[in-house]
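Structural features, examined
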Amino acid sequence: MAMIETVGDRPPDGPAAMAVAACLFHGFSDPSRLAILRHLALGEHRVVDLTRHLDLAQSTVSKHLACLRDCGLVESRPEGRASVFSLTHPEATLAVLESAERLLALTGDAVALCPVYGVDGSAAHASAPEAVAS
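Residues numbered from 1 in each chain as written. Predicted model: local features only at pLDDT ≥ 70, side-chain atom pairs only at ≥ 80, totals over all residues. Heavy atoms only, no water.

**Brief notes about the pattern of salt bridges**
Quick note on the threshold: Salt bridges are counted wherever a side-chain nitrogen of Lys or Arg sits within 4 Å of a carboxyl oxygen of Asp or Glu. Helix numbering and strand numbering both begin at the N terminus, where a helix is a DSSP run of H or I of at least 4 residues and a strand a DSSP run of E of at least 2. Burial status follows relative accessibility: with a 1.4 Å probe on protein chains alone, a residue under 20% of its type maximum counts as buried, one over 50% as exposed, and anything between as partly exposed.
A complete count under the given rule lists 5 salt bridges for this structure. The salt bridge involving R38 is made with E101; its shortest N-O contact spans 2.5 Å. Of the two residues, R38 sits in helix 2 (residues 31-40) while E101 sits in helix 5 (residues 90-107), which places them 63 residues apart along the sequence. Using a relative accessible area of 40% as the deciding quantity, one classes E101 as partly exposed. Close ionic contact of E79 with R77 constitutes a salt bridge, the shortest N to O distance being 3.3 Å. E79 sits in the partly exposed class, given a relative accessible area of 42%. In the salt-bridge network here, residues are joined through shared partners; they are E44, R77 and E79.

Listed below in structure tokens is the structure:
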């Protein structure tokens, strides 16, 4: 799936490819998932390590790790009674995170101030989906 590749006058992929890309970005959309991904970029961690380092509840970390595993972004291996998590594709994940940081630096506060998905808008959007339709 090449989101920006174009051939002639053809658009850069069809609706199905864009839906898959949106699913990928959904994996990055939650602050806790993003923190977990960034922390796993430092190396392998157990759930207990992530809960301590990120100051998140064990249930929160486990829920987000399951989501990230379902998205193919992290993998785990057993170590004794625990599971050790790591990034499935560390170089590619780091490249996406670095690109996002560059884009955020270029847009300044525009993303945070977005009335629909910005810092204030995301809470309103989650609780009142009809606000998006207007």
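The rest of the description comes next.
**Brief notes about the nonpolar core**
The test is simple: Put simply, buried Ala, Val, Leu, Ile, Met, Phe, Trp, Tyr and Cys residues joined by side-chain atoms within 4.5 Å make one nonpolar core. Here, residues are in contact when the closest pair of their heavy atoms is within 4.5 Å.
Judged by nonpolar contacts, the single largest core of 15 residues is most densely connected at I36, L37, L40, L50, L65 and V74. The residues contacting I36, other than those within four sequence positions of it, are L50, L54, V61, H64, L65 and L68.

**Regarding the sheet that holds strand 2 (residues 74-79)**
Using the following cut-off: Here, a strand pair is defined by DSSP locating no fewer than two bridges between the strands.
If you walk across this open sheet you meet the 3 strands as 1-3-2, and the pairing is antiparallel. The open sheet has two free edges, formed respectively by strand 1 (45-46) and strand 2, since each of these has just one partner strand. Taken together, the 2 bridges between strand 1 and strand 3 (residues 82-87) define a ladder with antiparallel strand orientation. In the strand pairing of strand 3, H45 is matched with F85.

**Side note on the pairing of strand 3**
Relative to strand 3, strand 2 runs antiparallel, the two sharing 6 bridges. Bridge pairing links E75 to S86 in strand 3. Once strand 2 ends, the chain turns through 2 residues before running back antiparallel as strand 3, passing G80 with a positive phi of about 65°.

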